[in-house]
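Coordinate inspection notes
Single-letter residue listing:
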Amino acid sequence: MEFIKDLKEKEYREFWRQTPNCHFMQSYEWGTVQKKSRDQIPCYVGLKDNGKLVATALLLKKKTPLNMCYFYVPRGFTLDYTNKEVVSEFTKHLKKYLKEQNAIYLRLDPPLMYQEIDEEANPIKDGLNNYDVYDEFIKLGYKHQGFYKLYEGNQPRYTFRTYFNKYNTLEEVEKTFSKSFSKPLKRSYDYDLEIYEADEVKTFHELIKIISKRDGFNPYSFEYYNNVYTELKKDNLVKVFNAKINPAKLIKKFEEQLENEHKEDRKKRIQKDIDFLKELPNQKEYTCASLICTYSSTGAWSLYIGNDEAAAYTGTVNRLYYEFIKDAYERNFEYADLFGVVGDPHTKYKNLAGIYEYKRKIGGDYIEFIGEFDLINKPFWYKVLPILLKIYRKLKK
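Let's talk about the nonpolar core
Core analysis: the largest hydrophobic core is formed by 87 residues, its most contacted members being W30 and F324. Looking at this core, the element that brings in the most residues is helix α12 (residues 316–330), giving eight residues. If sequence neighbours within four positions are ignored, W30 has contacts with F24, M25, L58, P74, Y224, V228 and L232. L94, A103, L112 and Y134 belong to the second-largest nonpolar core, a separate cluster that totals 32 residues.

Side note on the layout of surface pockets
Considering only enclosed or pocket space, the second largest pocket measures out at about 830 Å³ in volume. As for the second largest pocket, its lining consists of 34 residues, of which N21, P111, L112, M113 and Y163 are closest to the centre. Those elements that place two or more of their residues in the lining of the second largest pocket are β7 (113–116), β9 (158–163) and β15 (365–369). With four residues, the single largest contributor to the lining of the second largest pocket is β15.

Things to note about helix α8 (residues 222–233)
Between its terminal C-alpha atoms α8 stretches 16 Å, which fits the 16 Å expected from twelve residues at 1.5 Å a residue. Listing the buried residues of α8 in full gives Y224, Y225, N227, V228, Y229, E231 and L232. In this structure, the buried side of α8 is in contact with α2 (28–38), α7 (202–215), β11 (238–245), β12 (286–295) and β13 (299–307).

Observations concerning a nonpolar patch on the surface
Taken together, the side chains of I387, L388, I391 and L395 make up a nonpolar region of the molecular surface, amounting to roughly 420 Å² of accessible area. With respect to the helices and strands, the residue L395 is situated in helix α14 (residues 379–396). Since its relative accessible area comes to 70%, L395 is described here as exposed.

Quick notes on the packing of aromatic side chains
In total, this model carries 44 aromatic pairs according to the counting rule given. Both rings, one in W301 and one in Y335, keep their centres 5.6 Å apart while their planes meet at 90°; by these two values the pair is edge-to-face. Of the two residues, W301 sits in strand β13 while Y335 sits in strand β14 (residues 335–337), which places them 34 residues apart along the sequence. Neither W301 nor Y335 differs from the other in exposure class; each is buried.

Quick notes on empty space enclosed by the protein
The tally for this structure, following the rule as stated, stands at one cavity of 30 Å³ or more. In this model, the largest cavity occupies a volume close to 70 Å³. In terms of lining, the largest cavity is formed by H23, R75, P111, P156, Y158, T159, R161, W301, D337, F339, G340 and F369. Looking at the lining of the largest cavity, the element that brings in the most residues is β9, giving three residues. Residue composition of the lining of the largest cavity, by class: six nonpolar, three polar and three charged.

The rules behind each value
- Residues numbered from 1 in each chain as written.
- Predicted model: local features only at pLDDT ≥ 70, side-chain atom pairs only at ≥ 80, totals over all residues.
- Heavy atoms only, no water.
- Core = buried A, V, L, I, M, F, W, Y, C linked by side-chain atoms within 4.5 Å.
- Buried < 20%, exposed > 50% of the residue type's maximum accessible area, 1.4 Å probe, protein only.
- Helix = DSSP H or I, 4+ residues; strand = E, 2+ residues; numbered from the N terminus.
- Contact = heavy atoms within 4.5 Å.
- 1 Å grid on protein atoms, 1.4 Å probe; cavity = no way out; pocket = protein on both sides within 12 Å on 5 of 7 lines; lining within 4 Å.
- Points joined across faces, edges and corners; volume = space filled by probe spheres on them.
- Expected span 1.5 Å × (residues − 1).
- Patch = residues over 30% accessible without salt bridge, like charges linked within 9 Å, V, L, I, M, F, W, Y side chains within 5 Å.
- Areas by Shrake-Rupley, 256 points an atom, 1.4 Å probe, with all protein chains shown as cover.
- Salt bridge = Lys/Arg side-chain N within 4 Å of Asp/Glu carboxyl O.
- Phe/Tyr/Trp six-rings, centres within 6.5 Å; stacked < 30°, edge-to-face > 60°.
- Nonpolar A, V, L, I, M, F, W, Y, C, P; charged D, E, K, R; others polar.

Structure (structure tokens):
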């Protein structure tokens, strides 16, 4: 088999699109995003068998002192992981490539389920698994980075994913939503929200700063989100779902309803809405929630969300996730992925358990990915690099 060190864009794109397990993080555009945002060099490599591509990978190269480097393959490789011959041959050539590049190591996190699990993240007896793929990687010389439960790796190792082939209609998908998710979703229609597809992410960035402060995490810069949008948009691999609300108009509507309402419990609910809306700093129509979603040829991911207190109160957040799932279903994607939760549903760390619980209520399968593997070329520097990077980051701060 022939290893291609610099695969042509057209060939790379065509193979990526037609491979069933292709991930948006292995798209050609994702390499451009990382180059612009994180100073990583995208390298597009492949493997051909009798002139036909059988494997590709986006390798993100990061330079280090002493003319060395290391590589990260986000949710890669793009190939048939059950084909041991291809995986073995690709690995053999990558080992040579690492030597040529004077690389310390290569890290990848395949988009593969490790094992079927229940809602407590416990393995399901006699459930499906990819233990054989794990064993094959170990046999080929990869070092597994452990079955971490939180967000210790480059990507989350757990997610919730709805596979649409399990359902005949969208209504059947909706029945998988929990009551505590469906109730606010249904109520969101009372607030006359305008759901629209945005062509910018500046609004999103302002909104994600609100929830990042609440949940205790640092959002990326505007430049990063803008790069994600502008690059992925070139191949229609991204959508931004926004929701507008008009407090002043709603107050008028609810006040009219209140005058004609006779049931006490209903009157209390309407008055509560009026009081809440009057307290909002912005009374004119504005966007209160924004959801960035990404796509491959087979899958859809809800990647980043930003919202304010009005969106939380009115069920708008639930509505945007619903619009994402509905859109993915109607566009015939195989699945809708909520992109990341923890593997410890009861963790006390930050608000991670709350995020898990919220996404669990949306439904879908609880997925455990196989994790990260390192292909090591320089054992000494592999051990030393984390220490040096830790010192460097402290000095940078």
